[in-house]
Amino acid sequence: MPLMTAGEYLDSLRRMKPTVYILGERVDSPTEDPHIRASINATAATYELAFDQEYRHIALVESPLTGGMINRFNHVASSIEDLVARVKINRVLGQRVGTCFQRCTGLDGLSALSITTYNMDRRYGTQYHQRFLGFLRYMQENDYSGHIAVTDVKGDRSKRPHQQADPDLYLRVVERNEDGIVVRGAKAHQTGSLNSHETIVLPTTALQEADTDYAVAFSIPVDTPGLVHIYGRGTLDSREVEGVDLGNCFYGKYCTLVVFDDVFVPWDRVFMCGEWEFAGEMVSRFSSYHRQSHGGCKSGLLDVVSGAAYTMAEYNGTAKVSHIREKLTDIIHRAETIYACTLASSYEGHREPSGTYAVNSVLANAAKIHEGRDLVEAMRLLLDIAGGLVGTMPSELDLQNPATGAFLEKYLKGVEGVQTRDRMRMFRLVEKLAMESRDLVSAVHGGGSPQAHRLTILRETDLEAKARLARRLAGIQDGPSPGLAPGVRP
Ligand code: SF4
């Protein structure tokens, strides 16, 4: 059966030999490194769920390709029910790990490829979709994880890829030969690149004809020669090495900068090469899927946030205070609003010509706008409820030290019946939830920056149709809005 246990997943990563640098040092065994290990635990939760009787019904699905049962994180949606299940499993996992579990980006990339490779073949008579299906089968049969490499480093943001002073600031094809292509560039914010087996690359933006070399999509193993993973620091990552005051004792997240230093990609792994007209479609399909994914995982994360806020209030003796209860309500309704929007984007999804089901992108982007704003606001409320010790708490090492332990036991005690150590640990979890840079920034910029969500909503909304509704009620004779040709969307 093509399903790995969490242990088999870990062993499969150990067999890989990626080129990795962490804090200035080359690291030969990243799976054993404390900076990476908690993150691997989070991705491993997606493997554990497939063997959990309570969740197997959403964690597993029959593959239309292989006919076997596979992990949902390698299943491209073939129904509305599949789209809904993606959200539900993400909420469960968000609750379970309290951070990013890093396996959705690969699924969202596979989903985008399944639609756009088909559309490219219809236009150009290319063979990308068959290649893609071969790759998808490989991922399913091996139960592999992919991470998506979309975001180029971009250099001067006012310039197109081909206009950059250094042409490598967007990933590009530098050589084509009969065996494949050679690519050069770098992709930023690579969530869980070392928790994955495959690096799946998509273009980062819509392109013009002069950007043809930048229109490239492919997948390669994360330990392909020339691929260099450089670890990105987080605010609390020294705690992982020290092994105390972790906040979240089990799970974590990191991101890397991945450099493609003249990397060879064989043709059977190339899913776009020069079709610049489809670069925008590919990235926007990925983004819509990923914004939907975010709605699931972040509503699960907010369940942990409301749980931490409530526990903190109980430990502090403030759980019955009216303004605290109001603030708890404000956290809860934010979680449910994000979840509702994301579910709606699934129920309002549709079938594409390739047979893949796509989410409603306006609703998925609306969910993401709520997330970017409301998740940060929920963290503010969490800090408000917990209190200032989130930022000034002595270490658990001080609790263990005979010279200071008795002082902390006495002066950091909350209500009767709660151990001081437990209260300290809950403060640490609050610190991790609210102040760990990678999770917080992910709420704002993950799946694309806030303005991208707004632009998508405006681009994909028929404002002229809405204007007709208003004109009819106002008794204005129907016709196009001044300055707009009929059917033209602003
Ligand atoms: Fe998945 Fe993105 Fe959420 Fe991480 S932040 S769990 S990759 S949707």
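It should be noted that the structure appears before, not after, this text.
Keep in mind the model is a prediction, meaning the values are calculated, not measured.

*Asks:* For the overall build of the protein, give the residues involved together with the corresponding values.
*Replies:* In terms of regular secondary structure, the protein is built from 17 helices and 14 strands. Its C-alpha atoms put the protein at 75 × 70 × 50 Å along the principal axes. The buried share of the protein, taken over its 490 residues, is 56%. Look at the contacts in the protein between residues 6 or more apart in sequence, and 77% of them connect residues 24 or more apart.

*Asks:* Help me get a handle on the pattern of salt bridges, residues and values and all.
*Replies:* Following the criterion strictly, the structure yields 34 salt bridges and no others. Residue Arg-91 is joined to Asp-303 by a salt bridge in which the shortest nitrogen-to-oxygen separation is 2.9 Å. One end of the pair, Arg-91, is in helix H4 (residues 80–97); the other, Asp-303, is in helix H8 (residues 279–316), and 212 residues separate them in sequence. Overall, the relative accessible area of 9% leaves Arg-91 in the buried class. One network of salt bridges, with partners in common, ties together Asp-11, Arg-14, Glu-32 and Arg-37.

*Asks:* Let's hear about the nonpolar core: which residues, and what values?
*Replies:* Grouped together as the largest cluster of nonpolar side chains are 57 residues, with contacts concentrated most on Leu-113, Ile-181, Val-183, Leu-202, Phe-218 and Phe-260. In this structure, Leu-202 is in contact with Gly-109, Leu-113, Ile-148, Ala-149, Val-150, Lys-187, Val-216, Ala-217, Met-282 and Phe-286, ignoring residues within four places of it in sequence. Core analysis: the second largest hydrophobic core is formed by 36 residues, Leu-302, Val-305, Leu-382 and Leu-433 among them.

*Asks:* An account of the packing of aromatic side chains is requested, with residue identities and associated values reported.
*Replies:* In this structure the tally under the stated criterion is 11 aromatic pairs. Here the aromatic rings of Tyr-124 and Phe-278 are separated by 5.7 Å at their centres, their planes lie at 75°, and the arrangement is edge-to-face. Of this pair, Tyr-124 sits in helix H5 (residues 104–124) while Phe-278 is found in the loop between strand S12 (270–273) and H8, placing the two residues 154 residues apart along the sequence. Note that Arg-91 overlies the ring of Tyr-339, its terminal NZ or CZ placed 4.3 Å from the centroid. Between Arg-103 and the ring centre of Tyr-47, over which it is positioned, the NZ or CZ distance is 4.1 Å.

*Asks:* Lay out the site of the ligand with the relevant residues and their values.
*Replies:* Close to the ligand lie Cys-100, Phe-101, Gln-102, Cys-104, Thr-105, His-290, Ser-293, His-294, Cys-297, Lys-298 and Ser-442, which account for all nearby residues. Residue contributions to the shell around the ligand peak at 5 residues, all from H8. Partitioning the shell around the ligand into residue classes produces 4 nonpolar, 6 polar and 1 charged.

Here is what the cut-offs are and how they apply
- Residues numbered from 1 in each chain as written.
- Predicted model: local features only at pLDDT ≥ 70, side-chain atom pairs only at ≥ 80, totals over all residues.
- Heavy atoms only, no water.
- Helix = DSSP H or I, 4+ residues; strand = E, 2+ residues; numbered from the N terminus.
- Buried < 20%, exposed > 50% of the residue type's maximum accessible area, 1.4 Å probe, protein only.
- Contact = heavy atoms within 4.5 Å.
- Salt bridge = Lys/Arg side-chain N within 4 Å of Asp/Glu carboxyl O.
- Core = buried A, V, L, I, M, F, W, Y, C linked by side-chain atoms within 4.5 Å.
- Phe/Tyr/Trp six-rings, centres within 6.5 Å; stacked < 30°, edge-to-face > 60°.
- Lys NZ or Arg CZ within 6 Å of the ring centre and 35° of its normal.
- Near = heavy atom within 4 Å.
- Nonpolar A, V, L, I, M, F, W, Y, C, P; charged D, E, K, R; others polar.

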